[in-house]
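Survey of secondary and tertiary structure
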Amino acid sequence: MLPATSKLCAAISYRHLRNMTGLRRKAAVAISQELSRLASHSPGPSTWIHQVRRRSSLLSSRLEEKPFSEMEMSYIKQGEEALQKSLRILEDQNDWKTETVAGNGDKVLSKVLPDVGKVFRLEVVVDQPLDTVYGELVDNMEQMGDWNPNVKEVKILEKIGKDTVITHEKAAATPGNIVGPRDFVSVRCSRRRGSTCVLAGMSTTYGAMPEQEGFIRAENGPTCMVLRPLPGSPSQTRLTWLLSIDLKGWLPKSIINQVLSQTQVDFAKHLRQRLARPVPAAC
């Protein structure tokens with residue numbers, strides 16, 4: 001964050017300054033300008049990415065609704081940064097290599113980025129409308145451990161405004177304990193613009209969630225999921241999942257690559273099974 005932005009954010013965290021609307025507005029504008037600078041480094045976006053980026057312009061109005069502390073504004077900025085970085089990676093269609101193609105058409109691709117490392121990209125079509133998929137992944141995120149065996153637990157530690165949350169996720173060990181249990185502390189943000197939804201995130205620090213005994217604290221991000229209705233078939237959803245993870249520990253790259261690509265394939269399978277379950281009848 002730019003020095004001037006930091007000073008503005010710090011100032012509005014003091015109680016006697018929180019009601020100074022002009023100061024909050026300046027802080028919001030400074031953050032918006034910084035996000036625009038990040039976005040300007042990428043080539044012209046496709047339509048759906050441009051729509052989501054427009055959604056970020058509403059940050060200023062959201063900050064006017066409620067005075068955020070300096071720490072809360074830092075988390076909001078981290079979420080926005082994860083979103084912008086993820087979209088820039090997905091925009092660039094060059095140099096993606098196929099890792100896996102399943103019989104049902106599910107595809108995992110990968111590429112190596114100088115400042116990030118190896119990232120993975122899952123492309124699938126789910127036979128459920130966008131609202132159903134979005135509800136499962138966002139509204140019911142804490143239930144993911146119930147249906148995805150690769151996830152032991154997802155817990156929301158803090159909600160900041162309407163679109164930003166801090167989460168703690170515990171990942172199960174792989175079969176044979178080739179990769180032991182990992183955990184992550186992440187900041188996540190969700191954006192919805194028209195018929196496109198983006199769920200983005202990256203690792204962060206959170207004082208109330210130190211490293212846990214029995215888990216290696218891994219890092220993720222930038223990462224995101226993009227949901228869009230399948231053209232001509234609104235009852236189906238195209239899901240793109242960008243995955244970037246540093247598992248930490250002493251693991252051969254060949255094992256890491258295999259585990260991460262398989263994790264994405266397994267996720268698609270388990271998500272379909274979850275969404276296909278019978279919905280309990282209302283009383």
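Throughout what follows, the structure given in this document is the object of discussion. (Residues numbered from 1 in each chain as written. Predicted model: local features only at pLDDT ≥ 70, side-chain atom pairs only at ≥ 80, totals over all residues. Heavy atoms only, no water.)

Time to look at the packing of aromatic side chains. Overall, the coordinates contain 3 aromatic pairs when judged by the stated rule. Note on Tyr75 and Tyr206: the rings are 6.3 Å apart at their centroids and 40° apart in plane angle, and the pair reads as tilted. You can see Tyr75 sitting in helix α5 (residues 70–91) and its partner Tyr206 sitting in the loop between β7 (196–203) and β8 (216–217), a full 131 residues away along the chain. We classify Tyr75 as buried; its relative accessible area is 5%. The class for Tyr206 is buried, based on a relative accessible area of 18%. Taken together, the aromatic side chains of Trp147, Trp241 and Phe267 make up a single cluster linked through ring pairs. Lying across the ring of Trp96, Arg121 places its NZ or CZ 5.2 Å from the centre. (Phe/Tyr/Trp six-rings, centres within 6.5 Å; stacked < 30°, edge-to-face > 60°. Helix = DSSP H or I, 4+ residues; strand = E, 2+ residues; numbered from the N terminus. Buried < 20%, exposed > 50% of the residue type's maximum accessible area, 1.4 Å probe, protein only. Lys NZ or Arg CZ within 6 Å of the ring centre and 35° of its normal.)

This part takes up the packing of helix α6 (residues 130–139) against helix α8 (residues 253–276). Close contact between α6 and α8 brings their axes to 11 Å; oriented N to C, the two are set at 110°. Taken together, α6 and α8 sit at an angle that is classed as roughly perpendicular. Contacts from Thr132, Val133, Glu136 and Leu137 of α6 reach α8 at Phe267, Leu271, Arg274 and Leu275. In terms of residue class, the contact of α6 with α8 is built from 5 nonpolar, 1 polar and 2 charged. (Axes fitted to C-alpha atoms, helices over the stretch in contact; angles between N-to-C directions. Parallel < 35°, antiparallel > 145°, perpendicular 65-115°, else oblique. Contact = heavy atoms within 4.5 Å. Nonpolar A, V, L, I, M, F, W, Y, C, P; charged D, E, K, R; others polar.)

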